[in-house]
Amino acid sequence: MDADAIATAVQENRRADLARAITLVESTRKDHRDAAQQILLKLLPGAGSAYRVGITGVPGVGKSTFIDALGMYLLEQGHKVAVLAVDPSSTRTGGSILGDKTRMARLSLERDAYIRPSPTAGTLGGVAKATRETMILVEAAGYDVILVETVGVGQSEVAVANMVDCFCFLTLARTGDQLQGIKKGVLELADVVAVNKADGPFEKDAKRAARELAGAMRLIHPRDSLWMPPVLTMSALEGIGIERFWETVLKHRGTLTDAGVFDENRRRQQVEWTWNMVHDQILQRLVDSPEVKAIRGDVEKQVREGTLTAALGAQQILDAFDS
Ligand code: GDP
(Lines give C-alpha, C1' and ligand atoms only; values in the text may rest on other atoms or scores of the structure.)
Protein backbone atom coordinates (compact mmCIF):
# COMPACT_ATOMS: atom_id res chain seq x y z
CA MET A 1 0.00 0.00 0.00
CA ASP A 2 1.45 3.39 -0.91
CA ALA A 3 1.32 6.58 1.12
CA ASP A 4 -1.67 7.90 -0.82
CA ALA A 5 -3.72 4.80 -0.22
CA ILE A 6 -2.85 4.67 3.49
CA ALA A 7 -3.69 8.38 3.89
CA THR A 8 -7.09 7.80 2.26
CA ALA A 9 -7.73 4.75 4.44
CA VAL A 10 -6.85 6.78 7.55
CA GLN A 11 -9.32 9.47 6.48
CA GLU A 12 -11.96 6.79 6.17
CA ASN A 13 -11.07 5.73 9.71
CA ARG A 14 -10.27 2.18 8.75
CA ARG A 15 -8.82 1.06 12.02
CA ALA A 16 -6.31 -1.47 10.77
CA ASP A 17 -4.81 1.14 8.43
CA LEU A 18 -4.82 3.81 11.12
CA ALA A 19 -2.89 1.40 13.35
CA ARG A 20 -0.53 0.71 10.46
CA ALA A 21 0.09 4.40 9.86
CA ILE A 22 0.78 4.94 13.56
CA THR A 23 3.24 2.05 13.50
CA LEU A 24 5.08 3.78 10.63
CA VAL A 25 5.15 7.03 12.60
CA GLU A 26 6.60 5.22 15.61
CA SER A 27 9.18 3.30 13.64
CA THR A 28 12.86 4.22 13.68
CA ARG A 29 13.51 2.63 10.27
CA LYS A 30 14.37 5.17 7.61
CA ASP A 31 12.02 3.79 4.94
CA HIS A 32 9.17 3.75 7.49
CA ARG A 33 9.95 7.29 8.56
CA ASP A 34 9.94 8.46 4.94
CA ALA A 35 6.60 6.78 4.28
CA ALA A 36 5.20 8.28 7.49
CA GLN A 37 6.24 11.79 6.45
CA GLN A 38 4.54 11.35 3.08
CA ILE A 39 1.32 10.23 4.74
CA LEU A 40 1.49 13.13 7.19
CA LEU A 41 2.03 15.64 4.38
CA LYS A 42 -1.13 14.37 2.70
CA LEU A 43 -3.10 14.68 5.91
CA LEU A 44 -1.66 17.93 7.22
CA PRO A 45 -4.17 20.25 5.47
CA GLY A 46 -7.01 18.77 7.53
CA ALA A 47 -5.04 18.63 10.78
CA GLY A 48 -5.55 20.76 13.84
CA SER A 49 -9.28 20.28 14.11
CA ALA A 50 -9.27 18.25 17.31
CA TYR A 51 -9.16 19.61 20.81
CA ARG A 52 -6.11 18.28 22.65
CA VAL A 53 -6.13 17.72 26.37
CA GLY A 54 -3.20 16.45 28.45
CA ILE A 55 -3.75 14.47 31.63
CA THR A 56 -1.02 13.77 34.16
CA GLY A 57 -0.76 12.39 37.68
CA VAL A 58 1.17 9.78 39.63
CA PRO A 59 0.30 6.08 39.18
CA GLY A 60 -2.75 5.23 41.27
CA VAL A 61 -4.27 8.72 41.21
CA GLY A 62 -7.02 7.41 38.95
CA LYS A 63 -6.01 8.49 35.44
CA SER A 64 -7.37 5.48 33.63
CA THR A 65 -10.58 5.43 35.69
CA PHE A 66 -10.97 9.12 34.89
CA ILE A 67 -10.21 8.82 31.19
CA ASP A 68 -12.68 5.95 30.96
CA ALA A 69 -15.38 8.11 32.61
CA LEU A 70 -14.52 11.31 30.73
CA GLY A 71 -14.30 9.43 27.45
CA MET A 72 -17.75 7.90 27.94
CA TYR A 73 -19.15 11.33 28.80
CA LEU A 74 -17.62 12.83 25.66
CA LEU A 75 -19.04 10.05 23.48
CA GLU A 76 -22.47 10.84 24.90
CA GLN A 77 -21.90 14.44 23.85
CA GLY A 78 -21.33 13.23 20.30
CA HIS A 79 -17.55 13.43 20.26
CA LYS A 80 -15.10 10.89 18.93
CA VAL A 81 -12.30 10.33 21.38
CA ALA A 82 -8.70 9.22 20.91
CA VAL A 83 -6.52 8.36 23.89
CA LEU A 84 -2.75 8.47 23.42
CA ALA A 85 -0.05 7.91 25.99
CA VAL A 86 3.42 9.34 26.52
CA ASP A 87 5.40 7.05 28.77
CA PRO A 88 9.14 7.10 28.12
CA SER A 89 9.69 4.75 31.07
CA SER A 90 8.13 2.00 29.00
CA THR A 91 11.24 2.08 26.82
CA ARG A 92 13.26 0.95 29.83
CA THR A 93 10.87 -1.52 31.38
CA GLY A 94 9.73 -2.87 28.01
CA GLY A 95 6.09 -2.58 29.04
CA SER A 96 3.84 0.42 29.02
CA ILE A 97 1.74 1.07 32.09
CA LEU A 98 -0.17 3.71 30.18
CA GLY A 99 -2.58 3.33 27.35
CA ASP A 100 -3.16 -0.30 28.19
CA LYS A 101 -6.61 -0.91 26.80
CA THR A 102 -7.67 -3.10 29.71
CA ARG A 103 -7.32 -0.08 31.98
CA MET A 104 -10.22 1.64 30.23
CA ALA A 105 -12.75 -1.12 30.29
CA ARG A 106 -15.81 0.72 28.97
CA LEU A 107 -14.13 3.08 26.53
CA SER A 108 -12.08 0.37 24.88
CA LEU A 109 -15.27 -1.34 23.67
CA GLU A 110 -16.64 1.78 21.99
CA ARG A 111 -16.53 2.19 18.24
CA ASP A 112 -16.02 5.95 18.48
CA ALA A 113 -13.05 5.65 20.80
CA TYR A 114 -9.50 4.83 19.84
CA ILE A 115 -6.92 3.94 22.48
CA ARG A 116 -3.24 3.71 21.62
CA PRO A 117 -0.56 2.74 24.13
CA SER A 118 2.72 4.62 24.39
CA PRO A 119 5.40 3.70 21.85
CA THR A 120 7.71 1.28 23.62
CA ALA A 121 10.89 2.29 21.85
CA GLY A 122 12.83 5.49 21.84
CA THR A 123 13.83 8.45 23.95
CA LEU A 124 11.35 10.94 25.38
CA GLY A 125 12.05 13.08 22.30
CA GLY A 126 11.23 10.15 20.04
CA VAL A 127 8.10 9.19 21.94
CA ALA A 128 6.90 12.82 21.96
CA LYS A 129 7.50 13.15 18.22
CA ALA A 130 5.58 9.95 17.51
CA THR A 131 2.70 11.13 19.69
CA ARG A 132 2.50 14.53 17.97
CA GLU A 133 2.43 12.85 14.59
CA THR A 134 -0.11 10.30 15.79
CA MET A 135 -2.33 13.24 16.77
CA ILE A 136 -2.38 14.31 13.11
CA LEU A 137 -3.37 10.79 12.07
CA VAL A 138 -6.23 10.40 14.55
CA GLU A 139 -7.47 13.89 13.69
CA ALA A 140 -7.58 12.94 10.04
CA ALA A 141 -9.54 9.84 11.03
CA GLY A 142 -12.18 12.08 12.56
CA TYR A 143 -11.44 11.97 16.28
CA ASP A 144 -12.21 15.45 17.56
CA VAL A 145 -11.03 15.13 21.16
CA ILE A 146 -7.56 13.76 21.88
CA LEU A 147 -6.66 12.87 25.45
CA VAL A 148 -2.90 12.53 25.98
CA GLU A 149 -2.02 10.70 29.16
CA THR A 150 1.33 10.77 30.93
CA VAL A 151 2.84 9.99 34.31
CA GLY A 152 5.00 12.51 36.08
CA VAL A 153 8.26 10.89 35.12
CA GLY A 154 11.17 13.16 34.25
CA GLN A 155 10.38 15.63 31.53
CA SER A 156 7.36 13.85 30.10
CA GLU A 157 4.96 16.38 31.64
CA VAL A 158 6.71 19.27 29.92
CA ALA A 159 6.66 17.37 26.63
CA VAL A 160 2.92 16.72 26.89
CA ALA A 161 2.08 20.23 28.11
CA ASN A 162 3.81 21.48 24.95
CA MET A 163 1.64 19.42 22.63
CA VAL A 164 -1.83 20.03 24.07
CA ASP A 165 -4.27 22.93 24.33
CA CYS A 166 -5.15 22.28 27.96
CA PHE A 167 -2.96 20.48 30.48
CA CYS A 168 -4.68 18.88 33.47
CA PHE A 169 -3.08 17.67 36.66
CA LEU A 170 -4.84 15.00 38.73
CA THR A 171 -3.88 14.67 42.36
CA LEU A 172 -5.10 13.18 45.62
CA ALA A 173 -6.07 14.88 48.87
CA ARG A 174 -2.78 16.24 50.11
CA THR A 175 -2.64 18.95 52.72
CA GLY A 176 -0.03 20.80 54.73
CA ASP A 177 3.41 19.21 54.46
CA GLN A 178 2.20 16.70 51.90
CA LEU A 179 1.55 19.59 49.54
CA GLN A 180 5.30 20.12 49.40
CA GLY A 181 5.58 16.71 47.79
CA ILE A 182 3.81 17.97 44.69
CA LYS A 183 6.30 19.20 42.16
CA LYS A 184 6.05 22.93 41.72
CA GLY A 185 6.84 22.47 38.05
CA VAL A 186 3.63 20.59 37.36
CA LEU A 187 1.56 23.26 39.10
CA GLU A 188 3.16 25.84 36.84
CA LEU A 189 2.25 23.81 33.76
CA ALA A 190 -1.30 22.93 34.80
CA ASP A 191 -4.32 24.73 33.32
CA VAL A 192 -6.74 22.70 35.41
CA VAL A 193 -6.07 20.85 38.68
CA ALA A 194 -8.43 18.15 39.94
CA VAL A 195 -8.32 16.42 43.30
CA ASN A 196 -9.62 12.92 42.56
CA LYS A 197 -11.22 10.32 44.86
CA ALA A 198 -13.44 12.96 46.46
CA ASP A 199 -15.95 10.35 47.54
CA GLY A 200 -17.15 8.60 50.67
CA PRO A 201 -14.86 9.15 53.64
CA PHE A 202 -12.31 11.02 51.47
CA GLU A 203 -14.64 13.76 50.33
CA LYS A 204 -13.97 16.21 53.17
CA ASP A 205 -10.20 15.80 52.89
CA ALA A 206 -10.39 16.31 49.15
CA LYS A 207 -12.31 19.58 49.53
CA ARG A 208 -9.81 20.86 52.09
CA ALA A 209 -6.90 19.82 49.89
CA ALA A 210 -8.47 21.63 46.95
CA ARG A 211 -8.72 24.86 48.96
CA GLU A 212 -5.07 24.63 50.00
CA LEU A 213 -3.98 23.85 46.47
CA ALA A 214 -5.96 26.79 45.15
CA GLY A 215 -3.97 28.96 47.56
CA ALA A 216 -0.72 27.48 46.27
CA MET A 217 -1.82 28.16 42.68
CA ARG A 218 -2.48 31.81 43.48
CA LEU A 219 1.09 32.14 44.70
CA ILE A 220 2.48 30.58 41.53
CA HIS A 221 0.33 32.37 38.96
CA PRO A 222 0.26 36.14 38.64
CA ARG A 223 -2.98 37.73 39.80
CA ASP A 224 -3.57 39.38 36.44
CA SER A 225 -2.93 36.30 34.32
CA LEU A 226 -5.49 35.56 31.64
CA TRP A 227 -6.44 32.24 33.20
CA MET A 228 -6.13 31.34 36.87
CA PRO A 229 -6.06 27.52 36.89
CA PRO A 230 -8.98 26.32 39.00
CA VAL A 231 -8.73 23.44 41.46
CA LEU A 232 -11.69 21.06 41.24
CA THR A 233 -12.68 17.98 43.18
CA MET A 234 -14.11 14.89 41.55
CA SER A 235 -14.66 11.17 41.82
CA ALA A 236 -13.64 9.34 38.69
CA LEU A 237 -14.93 6.11 40.19
CA GLU A 238 -18.42 7.43 40.91
CA GLY A 239 -18.53 9.73 37.92
CA ILE A 240 -18.95 12.85 40.07
CA GLY A 241 -17.51 16.09 38.74
CA ILE A 242 -16.73 14.79 35.25
CA GLU A 243 -19.14 17.16 33.55
CA ARG A 244 -17.86 20.12 35.56
CA PHE A 245 -14.31 19.15 34.65
CA TRP A 246 -15.14 19.24 30.95
CA GLU A 247 -17.00 22.53 31.29
CA THR A 248 -13.87 23.97 32.90
CA VAL A 249 -11.71 22.72 30.05
CA LEU A 250 -14.09 24.37 27.57
CA LYS A 251 -14.08 27.59 29.56
CA HIS A 252 -10.29 27.60 29.38
CA ARG A 253 -10.53 27.22 25.64
CA GLY A 254 -13.08 30.02 25.38
CA THR A 255 -10.99 32.39 27.48
CA LEU A 256 -7.88 31.77 25.40
CA THR A 257 -9.77 31.99 22.12
CA ASP A 258 -11.44 35.28 23.05
CA ALA A 259 -8.05 36.75 23.94
CA GLY A 260 -6.58 35.54 20.64
CA VAL A 261 -4.10 33.35 22.47
CA PHE A 262 -5.41 29.91 21.52
CA ASP A 263 -4.12 29.82 17.94
CA GLU A 264 -0.99 31.68 18.92
CA ASN A 265 -0.22 28.94 21.47
CA ARG A 266 -0.51 26.30 18.78
CA ARG A 267 1.74 28.21 16.41
CA ARG A 268 4.31 28.68 19.16
CA GLN A 269 4.15 24.95 19.90
CA GLN A 270 4.82 24.16 16.24
CA VAL A 271 7.90 26.37 16.19
CA GLU A 272 9.16 24.93 19.50
CA TRP A 273 8.60 21.44 18.17
CA THR A 274 10.62 22.26 15.06
CA TRP A 275 13.56 23.34 17.20
CA ASN A 276 13.16 20.33 19.47
CA MET A 277 13.59 18.09 16.47
CA VAL A 278 16.65 20.05 15.35
CA HIS A 279 18.18 19.60 18.82
CA ASP A 280 17.36 15.89 18.90
CA GLN A 281 18.81 15.28 15.47
CA ILE A 282 21.97 17.26 16.08
CA LEU A 283 22.51 15.27 19.26
CA GLN A 284 21.97 12.04 17.38
CA ARG A 285 24.43 13.09 14.68
CA LEU A 286 26.96 13.99 17.32
CA VAL A 287 26.61 10.61 18.99
CA ASP A 288 26.86 8.84 15.60
CA SER A 289 29.79 10.93 14.33
CA PRO A 290 32.87 8.74 13.55
CA GLU A 291 35.14 11.64 14.53
CA VAL A 292 33.49 11.93 17.92
CA LYS A 293 33.48 8.16 18.38
CA ALA A 294 37.20 8.09 17.65
CA ILE A 295 38.12 10.43 20.51
CA ARG A 296 35.36 10.12 23.07
CA GLY A 297 36.89 7.26 25.07
CA ASP A 298 40.17 9.11 25.34
CA VAL A 299 38.55 12.43 26.29
CA GLU A 300 36.38 10.76 28.92
CA LYS A 301 39.43 9.01 30.36
CA GLN A 302 41.39 12.25 30.68
CA VAL A 303 38.45 14.09 32.24
CA ARG A 304 37.96 11.24 34.70
CA GLU A 305 41.64 11.27 35.63
CA GLY A 306 41.63 15.03 36.01
CA THR A 307 44.21 15.69 33.33
CA LEU A 308 41.67 17.57 31.21
CA THR A 309 38.98 19.99 32.36
CA ALA A 310 35.37 19.25 31.47
CA ALA A 311 35.20 22.46 29.44
CA LEU A 312 38.26 21.58 27.38
CA GLY A 313 36.97 18.03 26.96
CA ALA A 314 33.67 19.37 25.66
CA GLN A 315 35.56 21.66 23.27
CA GLN A 316 37.59 18.75 21.88
CA ILE A 317 34.40 16.75 21.25
CA LEU A 318 32.74 19.71 19.51
CA ASP A 319 35.87 20.40 17.43
CA ALA A 320 35.89 16.76 16.33
CA PHE A 321 32.19 17.01 15.42
CA ASP A 322 32.76 20.19 13.43
CA SER A 323 35.73 18.85 11.50
P1 GDP B 1 -3.86 5.33 37.37
O2 GDP B 1 -2.67 4.50 37.76
O3 GDP B 1 -3.60 6.79 37.60
O4 GDP B 1 -4.35 5.06 35.99
O5 GDP B 1 -5.04 4.96 38.40
P6 GDP B 1 -6.29 3.97 38.21
O7 GDP B 1 -7.33 4.61 37.39
O8 GDP B 1 -5.78 2.64 37.79
O9 GDP B 1 -6.84 3.92 39.70
C10 GDP B 1 -6.08 3.37 40.78
C11 GDP B 1 -7.05 2.85 41.84
O12 GDP B 1 -7.80 3.92 42.39
C13 GDP B 1 -8.04 1.85 41.29
O14 GDP B 1 -8.23 0.85 42.26
C15 GDP B 1 -9.31 2.68 41.12
O16 GDP B 1 -10.48 1.91 41.25
C17 GDP B 1 -9.19 3.68 42.26
N18 GDP B 1 -9.86 4.94 41.94
C19 GDP B 1 -9.75 5.67 40.79
N20 GDP B 1 -10.53 6.76 40.85
C21 GDP B 1 -11.14 6.73 42.06
C22 GDP B 1 -12.08 7.60 42.71
O23 GDP B 1 -12.52 8.63 42.19
N24 GDP B 1 -12.45 7.25 43.98
C25 GDP B 1 -11.98 6.14 44.61
N26 GDP B 1 -12.42 5.88 45.84
N27 GDP B 1 -11.13 5.29 44.01
C28 GDP B 1 -10.70 5.58 42.75
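Model, not experiment: these values are computed from the prediction. (Residues numbered from 1 in each chain as written. Predicted model: local features only at pLDDT ≥ 70, side-chain atom pairs only at ≥ 80, totals over all residues. Heavy atoms only, no water.)

1. Considerations on the domain arrangement of the protein
No. 1: Per the domain assignment, the segments of the protein are domain 1 (1–46), domain 2 (48–258) and domain 3 (275–322).
No. 2: Once you take the C-alpha centre of each, domain 1 and domain 2 turn out to be 27 Å apart.
No. 3: Residue-level contacts link 18 residues of domain 1 with 21 residues of domain 2.
No. 4: Between domain 1 and domain 2, a total of about 1600 Å² is buried, with carbon and sulfur atoms accounting for 59% of that surface.
No. 5: The largest per-residue losses of area from domain 1 upon contact with domain 2 belong to R15, I22 and E26, which jointly make up 32% of the total buried on that side.
No. 6: Where domain 1 touches domain 2, the interface holds 1 salt bridge.
No. 7: Between E26 and R116 there is a salt bridge, with the nearest N and O atoms lying 3.1 Å from each other.
No. 8: At the boundary of domain 1 with domain 2, the tally comes to 5 residue pairs in polar contact (both at pLDDT 80 or more).
No. 9: Going through the elements one at a time, α1 (3–11), α2 (15–26) and α3 (30–43) are the ones with two or more residues in the side of domain 1 that touches domain 2.
No. 10: Considered class by class, the residues forming the side of domain 1 that touches domain 2 number 10 nonpolar, 5 polar and 3 charged. (Domains from an automatic or database assignment. Contact = heavy atoms within 4.5 Å. Buried area = accessible area lost by both parts, 1.4 Å probe. Salt bridge = Lys/Arg side-chain N within 4 Å of Asp/Glu carboxyl O. Polar contact = N/O pair within 3.5 Å; in protein donor to acceptor, adjacent residues only side chain to side chain. Helix = DSSP H or I, 4+ residues; strand = E, 2+ residues; numbered from the N terminus. Nonpolar A, V, L, I, M, F, W, Y, C, P; charged D, E, K, R; others polar.)

2. A word on the site of the ligand
No. 1: Close to the ligand lie 15 residues, the nearest being G60, K63, T65, R103 and D199.
No. 2: With respect to the ligand, the side chain of D199 contributes an N or O atom lying 2.6 Å from a nitrogen atom.
No. 3: Within the side chain of S235, a nitrogen or oxygen atom sits 3.3 Å from an oxygen atom of the ligand.
No. 4: Within the complex, the protein chains bury 71% of what would otherwise be the 580 Å² of accessible surface of the ligand.
No. 5: Looking at the shell around the ligand residue by residue, the classes come out as 5 nonpolar, 6 polar and 4 charged. (Near = heavy atom within 4 Å. Areas by Shrake-Rupley, 256 points an atom, 1.4 Å probe, with all protein chains shown as cover.)

3. Some words on the pattern of salt bridges
No. 1: Summed over all chains, the structure comprises 17 salt bridges.
No. 2: The structure contains a network of salt bridges with shared partners spanning E12, R14, D17 and R20.

4. Brief notes about the nonpolar core
No. 1: Residues L18 and L137 are the most contacted members of the largest nonpolar core, which totals 49 residues.
No. 2: For this core, the element with the most residues is helix α6 (residues 124–140), which contributes 8 residues.
No. 3: The two domains that each donate at least three residues to this core are domain 1 (1–46) and domain 2 (48–258).
No. 4: Once you skip the residues sitting within four places of it in the chain, L137 turns out to touch V10, L18, A21, I22, V25, I39, L40 and L43. (Core = buried A, V, L, I, M, F, W, Y, C linked by side-chain atoms within 4.5 Å. Buried < 20%, exposed > 50% of the residue type's maximum accessible area, 1.4 Å probe, protein only.)

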